[in-house]
Amino acid sequence: MTRVRMGMVGGGEGAFIGEVHRMAAALDGKIDLVCGAFSSDPDRALRSGLALGLDEQRCYPSFEAMLTAEAALPATERMQFVAIVTPNHLHFPIAQAALEAGFHVLSDKPATFDLAQALALRDIVAATGQLYGLTHTYNGYPLVKEARERIARGELGVVRKVVVEYPQGWLADRQEDADNKQAEWRLDPTRAGVSSCMGDIGVHAANLAEYVSGLQIEDICADLTAFVEGRTLDDDGSILLRFGGGAKGLLHASQVCVGEENALRIRVYGTLGGLEWSQQEPNTLWLKWPDRPTQMLRTGGGYLGAMAAANTRTPMGHPEGYLEAFANLYVAFAGQINAVEQGVAPDARSADCPGIAEAVRGMAFIELAVRAGSSDIKWHRLEHL
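A quick note: this is a predicted structure, and the numbers were derived from the prediction, not measured.

Taken together, nine strands build an open sheet; the order of strands is E13-E12-E11-E10-E6-E9-E8-E7-E14 and the sheet is mixed. Whereas interior strands pair on both sides, the edge strands pair on one side only; in this sheet they are strand E13 (295-298) and strand E14 (380-381). Here strand E7 (residues 217-225) pairs with strand E8 (residues 236-243) via eight bridges, running antiparallel. Note on E8: the bridge partner recorded for Ala-222 is Ile-239.

Within strand E11 (residues 274-278), five of the five residues are buried, leaving the element largely enclosed by the surrounding structure. Taking every second residue as pointing to the same face, both faces of E11 are buried, with Gly-274, Glu-276 and Ser-278 on one and Leu-275 and Trp-277 on the other. Two strands pair when backbone bridges link them, and strand E10 (residues 265-270) and E11 are joined in this way by five bridges, in the antiparallel orientation. The residue of E11 that forms the bridge with Arg-267 is Glu-276. Count of turn residues in the E10/E11 antiparallel hairpin: three residues. In the sheet, E11 pairs with strand E12 (residues 281-288) via five bridges, with the strands oriented antiparallel. Paired with Ser-278 across the two strands is Glu-281, which belongs to E12. Hairpin connection, E11 to E12: the antiparallel pair is bridged by two residues.

Quick notes on the rules
Residues numbered from 1 in each chain as written. Predicted model: local features only at pLDDT ≥ 70, side-chain atom pairs only at ≥ 80, totals over all residues. Heavy atoms only, no water. Pairing = 2+ DSSP bridges. Helix = DSSP H or I, 4+ residues; strand = E, 2+ residues; numbered from the N terminus. Buried < 20%, exposed > 50% of the residue type's maximum accessible area, 1.4 Å probe, protein only.

This is the structure:
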């Protein structure tokens, strides 16, 4: 694979997710950060870029300036894609401008501020022919891919039940008043959109449920709450799910479960067996059977499938976690860029990266969850847009 050149918008000094993206992009030595517009404050943007070792001339004061200057560089020097790591309300204008300037885009989720923007973005991706990727990080874990493959092969039989939960406790009190930048924008409807909990972590849970089970959510019944006084956006939610094919499910996401860290977990039950995976113990996948002992699979095991193996870096017993999973999405996206430039189809590993379809579906889920949560009608259809 030829090394790919990346630019970044957002993620300047003090930003958590920007640093995560940079570590993930650098992990496998396949991507080089060559430029960035790291803050809307020009001085902070410059300081951030210089601290990362970038040339001063490629530390830009705005994403508009970055796109203009990079497009003017020789094709062998300019960035090839833009990583967007800003608050939600900026995702769409940056993605639109980058795609129309001829650059591929890899964006943090959710893809846009609202569904209308996501649908518009889909049209822009189609019109420009550029690549678009979305960092649903948890798809990158090897054993998540193993779970998906085993269900697709029918090892669990017909799927009947999908249970996915994502409890956190970090917003159990008013962190938005405690000079917590991450809390502040996630609970601000002008920057986060119509939801905090569902928009931030519930959409991850919904995506994981669909990715692992291979089924699509068709109907939901939602109960969303803002438990902490003074909040206008939800910090907790419980959703009943109906999937295509007749499977039923439950999605629980919360930012106010005191004592919880990042406890994403999924369980899937079919007519022949079940499985369970937890993000806080990501190197173990449990298979459950009616007629034999529960089976434990481990990352790096020679008995795993091709996709899990392709996304594993170290031998069995050497734990791989969040950064490695994040890096797997970056490697896949870089592989897509290489394939485009070589005029060939991407291989299976590179193709396995969330894209514009997941972007639209995620925004549709978030908005429907909010509408359903405020409605007395029990079931609401998640349209296949």
